Structures are given as structure tokens and as C-alpha cells.
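Understanding the architecture of this molecule
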Amino acid sequence: MESTNHGEGPVAASKRRYIPLNDVLPPLETLVVAIEGSVDPDGVCCLSIPNRVLGDWANNREKNTSFVALANEYIVDEAITLNPEAARLEDILYRKSLGVVSKVRAARGVNRKNALLRSTTITILNGETISAADLQSELNEVTYLNEEADAFIEGLQEEVQDLKDALSEAQDSQNNPGGKIDAVSNRHARRKIQEVSEHANKALEFLSTYGLVAESLKVHTTSGKTFHIPFSDDAASENEDTVDLRVLYILDRYGIAQDATSFQPNQKIKVRISGDGAKFSRTSSFVLLSYAILMPVGRYLSGIGNHTIAVVKGAEDYDTISTAFAATFQEIDGLQQLGFVAVNGVSYNIELFFSSDMKFMLTMLGLNAANSIYACPKCTVHRDCRWDVSKPELYYSTTMARTLVTNRRAFASHGRTAAVHQGSVNRPLTAIPVDYMMIDELHLFLRIFDVMLRNLIKMSEPQTQQLVAYIRSCGVSFTIWESESSDGKVEWTSLTGEAKKKVLKLLPSKMKDIPLPNAFLDDVVQLWKDFEVLYNLLSSETPPPNAADDIHLKAKRWIQLFLRIKSDGHQKKFVTPYFHVMVYHVPDAIRQFGNMKQFSCQGVEKHKDDSKRNYFSSNHWDAPAEIMLAEHRLELLQQYAREKRHYTKHAAAYWHEGGMQEMRSQMRETLKY
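As a starting point, this report considers the structure included with it. (Residues numbered from 1 in each chain as written. Predicted model: local features only at pLDDT ≥ 70, side-chain atom pairs only at ≥ 80, totals over all residues. Heavy atoms only, no water.)

Among the surface-exposed residues, Asp150, Glu154, Glu158, Glu159, Asp162 and Asp165 lie close enough to one another that they form a single negatively charged patch. A residue is classified by how much of its surface remains accessible, and Glu154, at 45% relative accessible area, is partly exposed. (Patch = residues over 30% accessible without salt bridge, like charges linked within 9 Å, V, L, I, M, F, W, Y side chains within 5 Å. Areas by Shrake-Rupley, 256 points an atom, 1.4 Å probe, with all protein chains shown as cover. Salt bridge = Lys/Arg side-chain N within 4 Å of Asp/Glu carboxyl O. Lys, Arg positive; Asp, Glu negative; His and termini not counted. Charge placed at Lys NZ, Arg CZ, Asp CG, Glu CD. Buried < 20%, exposed > 50% of the residue type's maximum accessible area, 1.4 Å probe, protein only.)

Here we take up the pairing of strand 10 (residues 307-313). Taking burial as the measure, the 7 residues of strand 10 include 6 buried ones, the bulk of the element. Alignment of strand 9 (residues 285-293) against strand 10, held across 6 bridges, turns out to be antiparallel. Bridge pairing links Tyr291 to His307 in strand 10. (Helix = DSSP H or I, 4+ residues; strand = E, 2+ residues; numbered from the N terminus. Pairing = 2+ DSSP bridges.)

On to the nonpolar core, then. With 107 residues, the main nonpolar core has Ile448, Leu456, Leu507, Val524, Trp528, Trp558 and Met582 as its most contacted residues. It is helix 16 (residues 441-460) that contributes the most residues to this core, 12 residues altogether. Formed by 23 residues, the second largest nonpolar core is a distinct cluster that contains Leu70, Leu93, Ala115 and Leu116. (Core = buried A, V, L, I, M, F, W, Y, C linked by side-chain atoms within 4.5 Å.)

Nonpolar side chains collect at one region of the surface, where Phe152, Ile153 and Leu156 lie side by side and expose about 270 Å² of accessible area between them. Along the chain, the position of Phe152 falls in helix 5 (residues 132-174). Residue Phe152 is classed as partly exposed on the basis of its relative accessible area of 46%.

The subject of this paragraph is the packing of helix 19 (residues 521-538) against helix 20 (residues 547-564). In contact at an axis separation of 10 Å, helix 19 and helix 20 are set at 155° when each is read in the N-to-C sense. Comparing their axes, helix 20 and helix 19 come out roughly antiparallel. Between helix 19 and helix 20 the crossing geometry is left-handed. Of the residues in helix 20, those in contact with Asp523, Gln526, Leu527, Asp530, Phe531, Leu534, Leu537 and Leu538 of helix 19 are Ala547, Asp550, Ile551, Lys554, Ala555, Trp558, Leu561, Phe562 and Arg564. Residue composition of the contact of helix 19 with helix 20, by class: 11 nonpolar, 1 polar and 5 charged. (Axes fitted to C-alpha atoms, helices over the stretch in contact; angles between N-to-C directions. Parallel < 35°, antiparallel > 145°, perpendicular 65-115°, else oblique. Left-handed = near helix turned anticlockwise from the far one by under 90°. Contact = heavy atoms within 4.5 Å. Nonpolar A, V, L, I, M, F, W, Y, C, P; charged D, E, K, R; others polar.)

Right, let's talk about the packing of aromatic side chains for a bit. Counted under the stated rule, the structure contains 22 aromatic pairs. Pairing Phe445 with Phe449 gives two aromatic rings, centres 5.9 Å apart and planes at 40°, and the pair type is tilted. Taken together, the positions of Phe445 and Phe449, both in helix 16 and 4 residues apart, correspond to about one turn of that helix. The class for Phe445 is buried, based on a relative accessible area of 0%. On the basis of an interplanar angle of 45° and a centroid distance of 5.5 Å, the ring pair of Trp558 and Phe579 is categorised as tilted. In this pair, Trp558 is assigned in helix 20 and Phe579 in helix 21 (residues 577-584), connecting sequence segments 21 residues apart. Each member of the pair, Trp558 together with Phe579, is buried. Every member of this aromatic cluster is reached through a ring pair, and the members are Phe445, Phe449, Trp528, Phe531, Tyr535, Trp558, Phe562 and Phe579. (Phe/Tyr/Trp six-rings, centres within 6.5 Å; stacked < 30°, edge-to-face > 60°.)

Attention now moves to the environment of Asn371. You can see Asn371 is positioned in the loop between helix 12 (358-364) and helix 13 (395-398). Placed 205 residues apart in sequence, Asn371 and Thr576 show a C-alpha to C-alpha distance of 8.3 Å.

Here the focus is the side chain of Thr430. Residue placement: Thr430 occurs in the loop between helix 15 (418-421) and strand 13 (437-439). Of the polar contacts made by the side chain of Thr430, one reaches the side chain of Asp333; its length is 3.0 Å. Thr430 has contacts with Ile332, Asp333, Met364, Leu404 and Met437, leaving out every residue within four places of it along the chain. (Polar contact = N/O pair within 3.5 Å; in protein donor to acceptor, adjacent residues only side chain to side chain.)

What follows concerns the environment of Lys268. Structurally, Lys268 can be placed in strand 8 (residues 268-279). You can call Lys268 partly exposed: its relative accessible area is 47%. The spacing of Lys268 and Phe340 is 72 residues in sequence and 8.6 Å in space, taken between C-alpha atoms. If we skip the residues at most four places from it in the chain, Lys268 touches Met295, Asn349 and Glu351.

Time to look at the pairing of strand 9. The buried fraction of strand 9 amounts to 8 of the 9 residues, a majority that puts the element mostly inside the structure. Of the strand pairs in this sheet, strand 8 and strand 9 are connected by 9 bridges, and their pairing is antiparallel. Bridge pairing in strand 9 links Gly275 to Leu289. In sequence, strand 8 turns back onto strand 9 through a hairpin of 5 residues.

This is how it looks when you write it as C-alpha cells:
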């Protein structure tokens, strides 16, 4: 008699006669797989499987059904669930079942009965079971996906109903609500003829697809009166501009329709969505969403190249943003899913990006704060490993990369340890992929510069006034003072972005005269010089072909130099997420999208200043609406704006080397007398 091979289908009844199914043996359906304690220290538990069950599995197992799946059906009370991917357990069950078949076949009489009454014990190791928490996590994820699917289906049903209502209204609007033409006055008859002309013009739009143009329509009344209805040029031109109302709504909402005429058909248009919080007054904080079209080059770096999508008065936190901008994010996700817009019958491909500072980016992705354990928006690097630059360049972009799917799964397990949810404390707010969520290069520069300046001030204590003098000689206003609110805490002037760039360029050449410890003076000077070179490279609009690899190598060496300086401010714990992003994720973004400058929030900051001015020029009754209305009026009147007079800066020493600051100091000294 032939035995059943592993992976084959059911065996005919004639080939199973060696298994005695008589009254001496208990019914097969009453047998279960029991759980016992494990003797093996690496084991979780043991399964006690009746030999008769194993023999039945070997002979009656259906094709493509695993032994592990069969075991899960027989486990008493479903106390545990075996992992279907446990290859070792599958192989053991397969071999044990064949062994039982062989023993039963070789035995006779009482020995065969005893062999069938015995049980086989199998040890279950770690990783070969699925915990209840994992099952709950999968259930939560499935439930979340079902809720999203239900919401999507409900939204489609509402849209279908809206379209049906609109179609019904359109059909009703074409019906004649009054009397017939023969029964009305001549004035009313002319009005009805005009209505017929408009309806017929719309109904005959399909003629353009055949290359035909309708010039007039000849109709007769029931009384025999004839009318020749011409199609006016105004009506035709109006119909030529007819596009889908939903598309026009999206275009008007995001302002793309106004700029689309400057692009070629089927050209991919890059649109950057940005968000930021702003404190307009001592008691008023706002959150602004804006967009910018990343073409032409440079316009998005100015305030006029950025346009407000939505404004809300409130704190920059997840609850405020998710509630106030829920409808806006749905429209953005719809545009992301659609991938194009249509203007006057011409399709334009849209590529959406999101760019902001670290705080807003983490909020959009549903992640924890920037000082948390897992604070990188691009990967799941631990806080204690951000300083480690020994990993390959693409390690964090592949092995530990974040995606919207992994963020949702991690959020489903929230409430457990941080190592499980990895910082995902909320659901992501948008469907824009993580690869298209770009860190702002301007805030990257500002935050890293702040760390360097803070360390420089600490190292120059107590002779900080000499440092103040050298920073002022760079052409910026700067002061250090002792805080009145805390004992011994030092504070200093908050420099603007342009002032920080100027200090970064001019101060390193003057550091030799600053009272710093000689042990690491050269390293500090080199640290500042290398960061200037590194930032100029990563912020270039036209980086060289090998810029990505060069930035990774330079940033890696820069962090190693940062940690080599033996001072309190250069410890591993001060390597912030911006440091890690600069080493591993900025090169990847440059390699994928060309440059980082296009994702700079420089224009967003200027646009925020413009919104602040609009706020103070309003009556504050409905500040968000007034801010957007004022901005829209300025855009409509932009052609009447005064053109700035061109001025060439000839004296470089005056503008860039501190000459302007010296002249102002002389003027202040003169005014004292």
C-alpha cells in the first residue's frame, strides 16, 4: 500500500484501510491537541497530539493546507495560535505524521490499537506562536482599514447622489416652465428663443469632436411658424471654456488654474504644500496651510509665490490641525489620488510634496515630539543611535524607512512600549507618501547653527563680551545677557536667517582671537568652516552630479568632528534629528528630486510675515477670514504694485564685511554728543 507524499491531495478510501476505525477507538472528532509545560528552556510549551490525529492529517490533508493550520483547528479552547510561517514546526509535524503512519502500518492487533491510542509530544519554541497582542494589532489594523473603506464608500455614494441631483436639476432647468412660444408675447418669445439657443448649444458640444461647428438651428412651431436660431460667438466661447465643476473647484481652491496657462500640456507640475504655526500677538496664535508651485525657479522663495489654503486660530498641535483642516486634507488626498487637473480641456499632471519644519512634519505624520525617542520623520532610528554614522548611506532609507502603512500599523499598537509603536501616537493626516514629505533646508540650517552658537557661547564664558564684539563686527546686532528669571542662565539675541548666514561666513576667520580653550580651538574653527561648505552644497539649486554622495561623506565627517570636541555641548545626546537627517536623508532626497532648495520654507516664512501684517490691518472680528480675503485682494491687485528700483551694491566691504554696522555705530556715537 502506497503512503501519501507531502503536499499531495486526499487519498482514496481504499488506501487507508490500515487505520482501524472500530468501536475500540474513540471517535476522531472528540480528539483534541492538548497543551503541556515545556521541559526545554527555549520552549514556550508542548503540544500533545494524538497519534490518530497525526495519521488522519497524513492521509486526509487537503492540498495546500499546512500541518500548522490543522493543528490550530485541534488546539483545545484555542489557547494559543501557532505561527503559520514556522517552517521548523511544519517540518516536524510532517515527519511525525508520516512516522505514525509507518508505525501503524507495521503493527498488528493490540499493538496497532495501542499505537493509535498514544500521543506525540512536540515542543513549541519562541517565535512559533502568535501572541494575543499581535492578533489584536492585526485586528485593529483590519478594523481601521474597514472604517476607511466604509468612509470612502459612503463618500462615493454621497458624490453619486450629488451628481444625480445636479443632473436632475440640469434636466429640470432645460424644461420650459411657462407657456409655449405661440401662446406668449413677442418679448417673451424672444427670451424663450434665447433659452433654446443656450440649451441647444450645450447639447451640441459633441460636434467639436467630429470637427464640426453648428452655426444655426432651424425649428418649427406646431402652428407652422419657423425660427432660425443662430449660435452666438459669446455662447460658443463660453461653452469652450466649460470644464468639470469639481476640477475647477479644486483649481480655484489651490490657485493652480491661474498659473496653469504658463505650463505645457501633460507637463508635470510640482506643487508644495507647507504648514507652520505663527504667534501674531501675545495672545493670538495661528496655524497656516499654504502652497507654492515649484516653477519657475526662485518664485517659491518669495512671499508672493506662496498662497494661503487655510488658516485657523489656535495652537500648533495635532488636535487643532486634524480637526480644523480635516476637509482640506481630504481635498489634498483627492488631488494626490487623482494625479492631474484639467483646465479648459487640457490635462496637467500634478506632483504633490509637503515641506515644513520638524515640529509640523512630525505632527502631519502622527509622530511624537522632536525630543522623543523615535523623532526622525523618515526612519525609526533610536535617539541613542543618531550619533552613529557608521551605517551605510542607504541603511536608514531602506532597512528602517518609515511609510504611511508602517506608521498606521505602529499607531494601531499604541499603548504598548515605545519600541513597538516607534513614536506613532496618532494617525497620519495626509496621504502624501513619506518620501515626498521633505525637511526644510532652512530650518535644518537654523537649528544646527543654534547648537553651534550655544556651544561657542558656553566655551567663551566668562569672557563672552569679546565674542559679542566679534559677532557684531560681522555686521549683525547681537547681545548676551543674564536672564532675570533664572539664576545664572545666559540668553542672547535671536538672529534672523540672513544674519546667521552672515555670521557663519565671516566669524570663523576671527575665531583665533576669541578666548576659547586652546585644546580644541582648531577643531571649533574647522567645524564652522566645514558646516558653511556643507550647507552651501545642500542648499544649492543646481548641485553637481555627485552632490548626494559628497554631502553624505562631508556630513558624516562633520558629525565625527563635532563629537571629537571634548566640551559639554558636543556630547552624543546633543546630536539632534536634524543632524541625522542631514547625513542620511538629505542625500537621498537630492538623489531622487534634484535639489533641496525647492523645498525650502524661506518663502513660507516671508508669506507668514505678510499674513501677520494683514492680521494687524484687520478688525480681528474674524481674523482667519480677513487674512485670506486681504491676501486674495492683494493678489488681484498685484499688477499695480510698485516696482522696486534696481540698485547695484558696489562696495562689498560696506554690505558684507561689517562696514554698514560700523557706520551705524559711528552715527550712534555722534548722536550722544
